[in-house]
Each structure stands twice: as C-alpha cells, then as structure tokens.
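# Descriptive analysis of the structure
Each chain, written out:
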Amino acid sequence: MTIHFFVSFFFFFGLRTFVVYSEGAVSFPEFYFLEEPKDLVVAKGGSALFDCAVHSSSSSSSGQVEITWLKDGTLVQYDSRRHQLSNGSLYIESVEHSPAHRPDEGYYQCRANAKRIGTIVSQKATLQLQYLRMRSNASQSSASSSSPLFSSRVGDTAMLACPVEGLPPPSVSWTKDGRPLGLSAGNSDYFLHSRGSCLEILSLKSSDFGSYRCQSTSAGQEVTASMQIVENTDPLPHQGVVPRFVMKPTDQNLREGGSVTLPCAANGRDRYGKQPQITWLKDGATLQLSSHKDGRMVIEGQGSLRIQRLHEGDTGLYTCRATNKEDSLDVDVMLQVLVPPRFLRRPSNVEATLNSDIELECDVTAKPQASIEWLKNGDIVIPSDYFQVIDGRNLRILGLVASDEGMYQCIASNPVGNVQASTRLVIQQRASKTTTPSFQRSGMPTLVQKGFILAVVNLTAHAAASATHVTLAWKPPRLGKESPELLGYLVTWKEEDSPRERFMNVTTSEVDIRYLKPSAKYTFHVAAYGLQGVSPNSASVVVQTSASENVPGQPTNLEVTILSPTSAHVRWESPTMESTITEPVTHYKLYYGVLGDSSGELDVNIVETQYTVTGLLKFSKYGFRVVAYNTKGPGATSGRITSQTFSDVPSSAPQNFAAEAAGSTSIVVSWEPPPDGERNGVITGYKIQYKQRREKAGNIITTDGNQHSFNISGLEKGTEYAVSVQAQTVNGSGPTTDAVTVKTFMHDLDESNLPGKPVSLQVRPVANTVIVSWTPPVEQDIMIRGYVLGYGEGLPDTYRQVLDARSRHHTIRGLRPSIQYVISLKAFNNIGEGLPIYDTVTTREETTPEPQIPMMPPVGLKTVVHSSTSMTLTWTDTTLGRSQRVTDSRYYTVRYNLKFLRRFKMVNCTDLVLQVDDLQPDTEYEFSVKVSRGSRQSTWSLSVFNRTDEAAPSSVPRELTVVSIRDSTSVILNWQPPKHRNGQLTGYLVYYSTDLSASDYDWFKERVNGEQLTTTIDDLSPETTYYFKVQAQNDIGYGPLSSTAIFRTPKFDGSEGGIIETPNDFHGRNIFDRSNSKNNWLSVSQTPIHDKGGSNEGEPGVLPSYLWIVIGCLAGTFFVVLLVIVMAYVFCRRSSAVPNSEPSDVPKGAVPLSKMPNSEMNDLKPPPDLWIHGNIEISDLDRMSDADSSTTVGRSGGRGYYDKVASDEDGYQNLSLRPFPASMMSKDEVPGHHKELVPSYDFKFPSVSNQPSRHNSLSSRIPIQQVPPRVNVADILQPGFASPRPLKPSSNSKISSGTAPTTQPLISPPPICLTSKLCDNVNSTDELTEEMANIEGLMKDLSDITRQQFY
C-alpha cells in the first residue's frame, strides 16, 4: 500500500513538473559580487572611480574570472581618460562635460564572466556632474525685477526663500543691507530652514524692513540673490481678517532616511488682534509633534514642519492649517518617501531536466514600484513563447533545452536605486526518475509484459486546430482482466525545427493545448501510464495551426492626463506596422471605469488617437485601456493605465448633525462625514460655526478630518447659540448643515446625586453581534459622565464596556451565534453608577454568506407600445435556462427616464415582463433592466429606446390675447401653444361669440393651420362684446378650450371699446349664473349684444329670460298633469257609451270581459300613460300578481277578449294586440271608416306566478281600434306633416298580415278600461275628437314656448 501511494504520488506530481531542486545532489559553485559600484557626483574635470570585486568558488583559479565594464548597457571603450585597474575597478581621469557633449554622464555596470559557470552583471551606478544655478522660475522673475518686494506690517511674520539650487546642496548665508545677519543661537526672531535656504523673521520690527541677500556656495561656485521687505502702509483694516499664507509648502519626493522641512507661515489678525495659529495634519488627523528640538517631527519658527529620518510611513498628505477667530485656511502638500528596491524573495539555484518547465522566482518591495528585468549570462531575456515573465516578476521557461543552462539574474530598479540577485540553472541530460519517455514512432503499439507496464491498445488522437491552440482527443486503451490500473496520460508536443519539446500529464481523454504559434507545425504524442510507469508506445498526430487573423496589434504609449475633477485627456500611439499586418485600423475603443466598481467599464468609439473623457467621478481612481479595431475585429488591448481624478470641495454637508448643551458654558456637537460619493477628496477637517442668536459675526473652530464630535466651551450661561458644521478638503469647504439652536443651561449639572435609570433599551441581534440603542434618563439636570454596558451568556455584567456620555447606540461584537445574552445598561458620574435597565436577546444562527459574484445582466430587452401612456417590457434571463421561469427569490429592477436624462424612475418586479403605465404621450424613453438576488446583483442591461403614441393635447393654449386694429372692426388674436402638446400640432380652432351662454356648438369657428400662433377675425359688429377661445388640435384630436378672452368692439366713430379684464373667479363659477349682483362683472355698457335679433339682456333683460325658463317648466308640468286627467276622463266616458254586444266571430278560447271572474278583474292594473313628453308610445304593463291572472282590455262597453298566457323564460307574459275586425265595430267607432285591419302589437307582461308555464296557451287577444306609431309632437305640429314614422316593433313582436293606411291623421290612443266604474258616461267620437284638438293646441303652445327659450 505504501509503495502504491508513493508511485502514484510520483507520477501525479513528478510528471507534472519534471523539475528537481537539488539539495546536495548537485554542487553549485559560488559566484557573486563582493563589491559593486556606487553613485558618484563629481565636478567637471574631476576624476571618478567605480569599484568592483567578485567572489568565485569554482575549481578554476580566480584568474579565470574576467571583468568588463558597461556604460548605458554597452561596453566601455578604454582610452587615455578611462582605465580599468588591476583589481577590476574603472577609473575616469578627467570627466568631460559641456551642454552639447556629455560623454561621461550615465550609468555604469561591472560585468564578470567565469568559465563553465556563466556571466553576471552588477547593479547600476550613476555618474552626475556638480552644478549650482538659480531656479528656473526665479530666473524668469528676476528678468523684470532685480529685487523682489515683500510687503508686510509691523508684527507680521516674513519668510524669504533663496532661489538657488545645486548638486550637492549648497550652503547659504544671509546679509541685510550689506551686513551679515545676527543668527546667533539666542536670537529667536530669526529661523533658518532647509540648510539655510529659507529665512523666517518672526514679529517684524521697523528695523527689519530693508534689503536682503542670500549667498549660495557649492564646489567652489557661488550664486547670490537679493530681495526686499517693505512696510505695508495700506489704510485697510488689518484686524478682523481671515488668515493668509506668507509661504506655502510644495510637494516633495525624498529618499528614505533623509530629512525635509515644510515651510508654512501665515498672517491675519482676528477681531481680538491675535495672529493665526499653525497646526499640522497628516491625512486629516492632527500630527503628534515632539516638544524636543531634536525630535523626529518638530515645529520650527511660526509653523514650519521639520521631519528627520524619513521612512515609508511618512508618505501622505500633509495639511498646514492657519486658524483665527474669523476663519481657518488650509494648504496641502504631498510628501512621497521613495524607497529603493529590496528583495522579498530571491531566485535560488535550480536543477531541471530536459523538456521540463521551470519558474524562477523574484519578488521585491519598493516605492515607487520597481521594474524587473531578467538577464541570462549578462544579456537581457526577451519575452517569447518559451520565456515568459509572469506578473512582471517571475521568469517561466517552457520546454528546457541544454542551451538554457547558465547564470540568470533578476535586476529591480526604481528612480532611487536598483538591486540584483543571481541564480544558476543546471540541465540534467538524463534523470532515471523523471526522464521523458522515448516514444516509438511506428504504427500502433502492442501489448507488453503483463504486470510490468500498461499497454496502449487502439489509441488514436484527433486534433482541431486554431491559430493559438489545439484540442486533442483519443480513445482509452482496452484493458484486460490482468491489465494494470490506468492512472493517466502523458501528452508531449514539439514545434517543427525547434529543439524544445514540452509535455503535460492529464487524467482525461481530452486536452486543450494553448499558447501555440500561428502558422506553425506541431507534432503531438499521447501515451498512457500506470503504476508501473509510462507505456513505451504512443499515438501521434501532426497539426498545422491556422494563420492568425489580420487584427490590429496593441496600441502603444498610452498616456492619461487628468484635467479636472471630472475630466481626463487620454492619448496613445497606433499599433506598429508589424502588428497591424495589412489591415489598417478603422477605429479605436477606449475603455474606462472606476477601479473596484462592479458596474464594469464604459467604452467609447474613437477615430483619432486621443480623446477627452468627461463626466468622471471626482477623486476616483480610473483604469484606462485602448483596443484597436479593423475590418477583421478587435486587436490586443493596451496595458491598463491607472489615474485618479482631482479632488474638489465636498458636494454634501455632514450627516446626522446634532448639538446639545453639556453644561452652562459648553455645547457638544456631533456629526458623521458626508456620503462616500460626495466627499470628493480626503476630508481634512470640519469647520464648526457658532454664534449667539443676535450676533452678526460668529466664531469658527476647525477640527481634524477624523474627528466627528467637539465640545464648544467658554460660552455664556442660559444663552441660545446657533451651531452648524461643514466639511472641507484641500480644495475648500463644502455645504453647511442647517443651523441647530441650542441653549446653554442656567446652572451646571448636578453631580451630587446618582444618575437615573435609562428610559428605554432596544437590542437587535445579528449572528455574531448585537446592536444596542437606548434613551438617556429623564433627569436632565444630573450630570452623566458615561454609560456602563454589561452583557453575558445568561448572566449580565460578565463583560463590561464603558461608553461616552454622548453615545446613544453601540454594537457588541464577537458574540456566539444562537446564544441568549442578558444586556444591562446604567449611567454613571463621579458619585457612582445609577440603576440599570435589562433586556435579553438571542443571537441569530450563523449563515454562510452568499459569494459576491456579480450576476449576468438580462438580455434581449424589448418594448411594445400600447398607448400614449403605457408600454410593455420583456427580457430574457440567461441564467434561468430554457424554461425562463423564476423559481427563486430573484427580482428585476427596471429603470426608465426621458432619453438622455440622468434621473431615473425604478420599478421592481418578479417576472420577465412589466407594463409601465405612467408615461407621457409622444415621448421617447430609455429603458434598462438588472437582476438582483439577495445581496448580489447584475449590471444594467443594454438600454432600449422607444417612443409612446401620440394623444390629443392635454392642456390649453396659453396667453390668449386680443389686439384691436385701429379704425377697424377686426381684431388680431395671439396665443402660445399648449404646454402638453402630446404630438405634432396640426392647427388650432378659434371660437368667438357674442353670447357667453351659448353652447360651444353655436359659437362661430375659424380654423388656423399648422403651428401658426396668430389669426385675424374680420367683420365684427361695432359696439359689441365678443368672447374668444382657442383649441389646439393634432392628428389624434382636439385638446381642451383655453380661457375666455373678452373684447368689446369700438363704436362706429372708433371711440370706446377694448379689452375687458376677466375676473379672477370667472373660470371657477357657472357662466350661466348671472343672478348674483355682486359678481355681475359685465356692466351695462359691456353687455354682449345678440346678432340674431336677441334682445339686449343688460340690466333689465338678463333675469327675465331665465325666469321664463322656470315659468315654462312649471307650466309644462301643469299641462301634462291636466292632460292625463282629461284623457282618462274622456276615454272612460266614451268607453261606457258603446253598446255591450258581443261579436259573432269571437276567437276560440276567448273569454268575454263580462264573464271574467271578479278576482281576476280586481288584479288587473291600468297601463301607463301613452303620452310622455310629446311622444306617443306604448309602455310595458305592470307586473301581475299571479301567473293565471287574466288581462281584460275593454272598449265600447266591454267589447274585448283576452287569453290566459304562460310566462316566458324572462318572467313576462306575452300579450298580443291584434287587428280588430271591422265588422265588429260601428262606423262611429272607426274614424274615416277604414276597412283595413289595424296592425297588431305584442307586449310582455311581468309574471309573478310560481306555477309552471303553459306553453300551449294562446296569446291574449286585445282588439283595439288603432295603435298609433311612435312619433314626436314637434314633428306633428310642423307644417306639411304627412305620415308619422312607423313604430318599430320589439324583437318578439308579431305583425299580422293587415297593414295600416299610409297617410292618416293623428288618432288618439285606444281607451282601455279595466273596471266598470271608470267606463261610465262615454261620449261620442266627435266629442273625443274635439277634446283631443284642444289638448293638441295646448301642447303646441307649450312646444313653442320651450323652443323659443332653449333654441
């Protein structure tokens, strides 16, 4: 078992690497530098000496080590000035230098070669020339003024900088008015900074004004500069002003271990006459400075900061803050401490076998980051398919060959230094345990000895080639019962005419070989291996990779220049001609995005090789890269360049600002920083502004950037103060919070008693934490120094935490899940602890957080327009599979807005379809969607644009005005289009009338086409009041009418007339209500005049016209009631006058009315009136109380018949009115003596019977004289009336074969008598005709009155 495991381990891991890191098996000779050359600064004409010493423990003598020198990477040519000494050092006798010829400046390296070992190269040493000169900006300013002037007041601080620079740094001395300054150790009025290059004078006196000169000396050279300090006699007030800086520090890049002085001084006396105080902050926090003058960080002079023994941790943003009672002022400086490269991991000696892959390690730390290059035997290794630099550090060599053996060096460099480390690679020609198998090249292999090695049977290989990779697949061997176990396959490949052969082992019958060369021929071999070893037989295949596409190469020299907090300029160079081949570049795509942002990159297509990106986030790190495109597609991407946009003032005020009185003379304020996305930089501080309620000028206190609370002290008792705070960055201060008013206590808080019990305690559990919040005790006059929070598992106060008195919430961390904890809280002061408040809570179960892997965004977003306000959106979620069914807790967020606007509306849904109904007509919208599940979410999908349908205008035309034309009855109307057009306007409709009470249909109208916003109305009546309205129209329809404009035309002589102002309440009340004298806004002279014969309804006429309407309505009601009474009376009298004789031709089954049972006669109800509002119609009869109840219709003394009728499905009984035979009527009964049959009509009577229907019953027959058609009274009264319109029968009506005459006079409705009491004293037909004529006359008069009033 142990042997089996060892062999399996060997084949799975040994075959994978085929590398032996020997520890004693191979002896590596020692070969390294004892001394390497150092940087030199020499004077022109001086000498330079670079030392070099090498150690070698090779069996060869030390004389076999050969030393040569390189300058800027090439061999040094020795001459009379340059010599190599016997110990290998390089000596330059006289260094030459001129502006046009600098043969000796540059970097030098010592190269050592040992036979049978290799070659190594030393680190780089730089040779620089000494110099001393004026600074470039100082020399330009001195051209216009030989002596710069500095204006100051007595008592101010002055700082003078000597504008000279040199290498090495020069020594500087100062004089005033030609005499040396007294810079003795006891003189505290003068300070020298930065090796004397900066002079600071504290509290200027009158004797300090004058001329100053600095003298710089270095390497025998001398440079002087002069400047003057003059007294400021400006009469402007010099007190009560904000600080101003005398000198500001500048950014510094210094090497580790050095020292620096950051000069800073400010003037500006506040209202109390005090100079500003200088404080220093680092990354927004106050620096802890040393009080000892020899400390590492000390203040010199008024406020200059000196830092000694610099180290990497000193890198950061430093802020010099000048503060007085008026305000504070900041200036920021960036200090970069440069650290030379140091090795974290050196390459070690390696022994490897042929055809194996190795990786040489090299890792360094440096600031700025070091670049690493690899050398083999002193020559730079050029990356290729077989030599790869991994992550800019390690060197990977694929398919080792014998020529790869030698010395390899890793050299790391940055601007302040470089280091090197070497290693030796030894190639083993044969290694029994790790030798690559030797494959047989002839045909298929045969079985070998059983139990020794696994034989391969029927093994084939198939290749599918592309430009850079090949996929191999094969069939596994057929295994017998006694065959050894198959462990895997060994795959080897080799490029044609290349000495390098590579291999890898796999456990599957398919493998993908990548990173091959295009247009190259490779030979692949596949062999199986088992516990006994690798089969000597293999299958092989030759594959030709395809040619690469002619896509562009990689853009080069990508540069990013930040222009502002929101913009950057990006430029690059086109790919080289070799990489572009024959296809030219058509365009570029620039990708950029915030580093670490899950929303991904943005991209923009560009034709040129530069572009200015706008709309960036402030103070954010962006990554930029460029890809070139041609007709074949995208090429390789350029390297990513990272840049950070500039900072800016905060966009938002601090959050959660609160202030409360802490005593009679103090107020405590607290706040939280602005939101992350609105800070726009590093918060360097907070300005607290406070003042008494009636004070004009307040006080300002500036805190650190990491401070979120402050105690304002020294206030007055019982006084109200307004307090606010604002955040600031290096660019300035942001918005201020709303002021909070706080009143200090009249007396200090009492601390002679214990604090009370907190009012409430709330706890909220999580898995490992509990969030506790509380309300302080109600006794506000007792001092609280803080709170004690206790907690424990089942018991309180096992653990205790002391919290600040201003705390109102706290998070207890490090708890165990699913455990019950008892929480206690009590306040304390100097007397002791108050009463506690308790609560219990159980922490939640611990859950494994879902991996924060971004989800794939939805695809295929589509929109379908339904109307002017709604669309339906559909999309596809590729993670749901074919079913596209949501079965988990995911949901989708759809955002939409007007095209190109930033503000989105968002809607959540759980389906793949959503209908949006709150859209605006004829508006183009942008839609996108994303999916979320738990804390994971995708990026937004691609946007889709669509436009809603048009709709009729939804708002009125605006600003309708009427302009008169001089000496004319024409007017010009002007207006503005409606706010909500909802489509392209096709015209306007102009309404005008002299009668405001007329309906819109009766107003005069004129059409105005297109977008025209004016028209002229001609031929108006003089001295008349007109009303104007406008209505907009588009392809869908008309919009609402505008407000009414009122205009009175002038008289014939052109006098009077003009616009009548519309009262404010005109649109809000009924325009027909003119009875209110208070709102009678039309005067007598302004009353509209009707054009068509209408009377002037001014003062006397308006009210009577409406009174006539009321009177007419009352009169009409009276006549209708009277008509009903008269008709009932006449019909009953006429019916009783007819002889009671039964006809001979009574239908079979009919029952005479005289023989109808009394019970049935009593149940009959009279039909409704046939005259309703001037129309003659027959209405349905009332519901009967029994299904067997019969209906008796009597006329002419009971000459009528009826049948019992069964109820239909609707619960109604069918009553058929049929023609009455003429033979059954006398001539007097038939007007006009017509012999034709009168039409019959069917009616439905409601049935209330619960008995089953009798379908075989006959319909009731009601003989009537005449059933008049349904006609309108107004039509009858019109002249020339000939024939009424025929009555349209109902759907279940049956018309008999007889027809009525085509022309006949109006005939009264048939008299229907239901009881004998109503049918007495029947008159003749002539009497009935006379009564009907009278009624018709009354109806005609009523109709004329109604028509005159309403029409």
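For clarity, every value in this text was computed on a predicted model and none was experimentally measured.

A separate point is the overall build of the protein chain. Summing up its helical and strand segments, the protein chain has seven helices and 96 strands in all. Here the protein chain holds 1351 residues, and 43% of them are scored as buried. For the protein chain, restricting intrachain contacts to residue pairs at least 6 apart in sequence, the fraction spanning at least 24 positions comes to 66%. For the protein chain, the exposed area adds up to about 71,800 Å²; of that, 50% sits on carbon and sulfur atoms.

As for its placement among the helices and strands, T703 is situated in strand β61 (residues 699-704). By relative accessible area, T703 is classed as buried at 2%.

Spatial ordering of the open sheet is given by β66-β67-β70, a layout of three strands whose pairing is antiparallel. At either margin of the open sheet sits one strand with a lone partner, and together these are β66 (760-765) and β70 (809-812). With strand direction ignored, the average angle separating the axes of adjacent strands in the sheet is 20 degrees. Pairing of strand β67 (residues 770-775) with β70 involves four bridges; the strand directions are antiparallel. Bridge pairing in β70 links V772 to H810.

It is worth spelling out the environment of L289 at this point. Among the structural elements, L289 can be located in the loop between β28 (285-286) and β29 (297-300). Exposure remark for L289: the relative accessible area of 34% places this residue in the partly exposed category. For the pair formed by L289 and I299, sequence separation is ten residues and the distance between their alpha carbons is 7.5 Å. Ignoring anything within four residues of it in the chain, the contact list for L289 reads M297, I299 and L305.

Here we take up the environment of L490. Relative to the helices and strands, L490 resides in strand β44 (residues 486-495). Between the alpha carbons of L490 and A527 there is a distance of 5.2 Å; along the sequence they are 37 residues apart.

Note: predicted coordinates in regions of low pLDDT should not be interpreted at a detailed level. Summarising the model, the protein chain shows a mean pLDDT of 75, and 72% of its residues fall at 70 or more. Here residues 1-24 scores under 50 on pLDDT; set against residues more than four positions off or in separate chains, the count is 45 contacts. The model gives residues 430-453 a pLDDT under 50, and that stretch makes 48 contacts with residues more than four places away or in other chains.

Below, the discussion takes up the state of the cysteines. Here a disulfide denotes a covalent bond joining the sulfur atom of one cysteine to the sulfur atom of another. Here the structure, examined in full by the defined rule, presents four disulfides. With a sulfur-sulfur separation of 1.9 Å, C52 is cross-linked through a disulfide to C110. One quick way to see it: the torsion about the S-S bond of C52 and C110 is about -70 degrees, and its sign makes the bridge left-handed. With C52 in the loop between β4 (48-50) and β5 (53-56) and C110 in strand β10 (residues 106-114), this residue pair connects regions lying 58 residues apart in the sequence. Judged by its relative accessible area of 0%, C110 falls in the buried class.

A contiguous nonpolar surface patch, about 270 Å² in accessible area, is contributed by F1118, L1122 and L1338. With respect to the helices, strands and loops of the structure, F1118 is situated in helix α4 (residues 1102-1136).

All right, on to unusual backbone geometry then. Backbone torsion omega between L167 and P168 reads -5 degrees, so that peptide bond is classified as cis. Note that P168 resides in the loop between β16 (164-167) and β17 (171-176). A cis amide bond links K367 with the next residue in sequence, P368, at an omega value of 0 degrees. Looking at the element boundaries, P368 is found in the loop between β35 (363-367) and β36 (371-376). Even without being glycine, N656 reaches a positive phi, approximately 50 degrees.

Next up on the list: the sheet that holds strand β62 (residues 709-712). Ordered by their spatial adjacency, three strands build an open sheet running β58-β59-β62, and the pairing between neighbours is antiparallel. Both outer strands of the open sheet, β58 (655-661) and β62, are each paired with one neighbouring strand and no more. Ignoring which end each strand starts from, the neighbouring axes of this sheet average 15 degrees apart. Here β58 runs beside strand β59 (residues 667-672); their pairing, made up of five bridges, is antiparallel. Following the sheet pairing, A659 is matched in β59 by V669.

Quick look at the pattern of salt bridges now. Counted according to the given criterion, the structure contains 37 salt bridges. For D72, the salt bridge goes to K71, with nearest N and O atoms at 2.9 Å. Note on D72: relative accessible area 38%, which makes it partly exposed. K71 sits in the buried class, given a relative accessible area of 14%. A salt bridge links E833 to K826, with the shortest nitrogen-to-oxygen separation between them at 3.0 Å. Judged by relative accessible area, which is 32%, E833 ranks as partly exposed. For K826, a relative accessible area of 13% corresponds to the buried category. Beyond isolated ion pairs, a larger network of salt bridges with shared partners links R81, R82, E96 and D104.

Before going further, it helps to spend a moment on the side chain of Q1031. Relative to the assigned elements, Q1031 resides in strand β86 (residues 1025-1034). We classify Q1031 as buried; its relative accessible area is 11%. In this structure the side chain of Q1031 is engaged in a polar contact, spanning 2.8 Å, whose partner is the backbone oxygen of G1039. Other than its neighbours up to four places away in sequence, Q1031 contacts P957, G987, Y988, L989, Y991, Y1038, G1039, P1040 and L1041.

As enumerated under the stated definition, the model contains 19 aromatic pairs in all. Their ring planes at 35 degrees and their centres at 6.2 Å tell us that Y622 and F624 sit as a pair that is tilted. A residue is classified by how much of its surface remains accessible, and Y622, at 4% relative accessible area, is buried. A ring pair is formed by Y925 and F927, whose centres lie 6.2 Å apart and whose planes are at 40 degrees; its orientation type is tilted. Here Y925 matches F927 in class, with each residue buried. By way of ring pairs, the aromatic residues Y992, F1004, Y1026 and F1028 are connected into one cluster. When the ring centre of F904 is taken as origin, the NZ or CZ atom of R895, which lies over that ring, is 4.3 Å away.

Tracing the backbone through its elements, the reader meets V223 in strand β22 (residues 221-231). Each C-alpha atom, one on V223 and one on E165, is 9.5 Å from the other, the two residues being 58 residues apart in sequence. Every residue in contact with V223, bar those within four places of it in the chain, is listed here: L132, M134, V164, C214, Q215 and S216.

Within strand β40 (residues 406-414), nine of the nine residues are buried, which leaves the element mostly enclosed by the surrounding structure. Of the pairings in the sheet, the one linking β36 to β40 comprises six bridges and is antiparallel in character. Residue pairing for β40: E373 is matched across the bridge by I411. Here β40 folds back onto strand β41 (residues 417-428), and the loop between the two strands holds two residues.

Analysis parameters
Residue numbers restart at each chain and count upward from 1, following the sequence in its written direction. Local features in this predicted model are restricted to residues whose pLDDT is 70 or higher, and side-chain atom pairs enter the listing and the counts only when it is 80 or higher, whereas totals over whole chains, interfaces and linings include all residues. Hydrogens and waters are ignored; side-chain quantities use all the structure's heavy atoms. A run of H or I in DSSP becomes a helix once it reaches four residues, and a run of E becomes a strand once it reaches two; helices and strands are each numbered from the N terminus. Accessibility here uses a 1.4 Å probe with only protein chains present; expressed as a share of the type maximum, an area under 20% marks a residue as buried, one over 50% as exposed, and anything in between as partly exposed. Note on definitions: a residue-residue contact is assigned when non-hydrogen atoms from the two residues lie within 4.5 Å. Values of accessible area rely on a 1.4 Å probe in the Shrake-Rupley scheme; residue burial ignores everything except the protein chains shown. Two strands are counted as paired when DSSP detects at least two bridges linking them. For helices, the axis comes from a line fit to the C-alpha atoms of the stretch in contact; other axes are also lines fit to C-alpha atoms, and the angle between any two N-to-C directions lies between 0 and 180 degrees. Confidence scores labelled pLDDT are given residue by residue by the predictor and lie between 0 and 100. We call a pair of cysteine sulfur atoms a disulfide whenever their separation is within 2.5 Å. Note that patches include only residues with greater than 30% relative accessible area and no salt bridge, and the join distances are 9 Å for like charges and 5 Å for nonpolar side chains (Val, Leu, Ile, Met, Phe, Trp, Tyr). For salt bridges, the criterion is a side-chain nitrogen of Lys or Arg within 4 Å of an Asp or Glu carboxyl oxygen. Under this definition, polar contacts are N or O atom pairs within 3.5 Å; protein pairs additionally need one hydrogen-donor-capable and one acceptor-capable atom, and for neighbouring residues in sequence, both atoms have to be side-chain atoms. Pairing of aromatic side chains here covers Phe, Tyr and the six-membered ring of Trp, requires ring centres within 6.5 Å, and sorts the geometry by plane angle: under 30 degrees stacked, over 60 edge-to-face, intermediate tilted. Throughout this description, the term charge over a ring refers to an Arg CZ or Lys NZ atom that lies within 6 Å of the ring centre and within 35 degrees of the ring normal.

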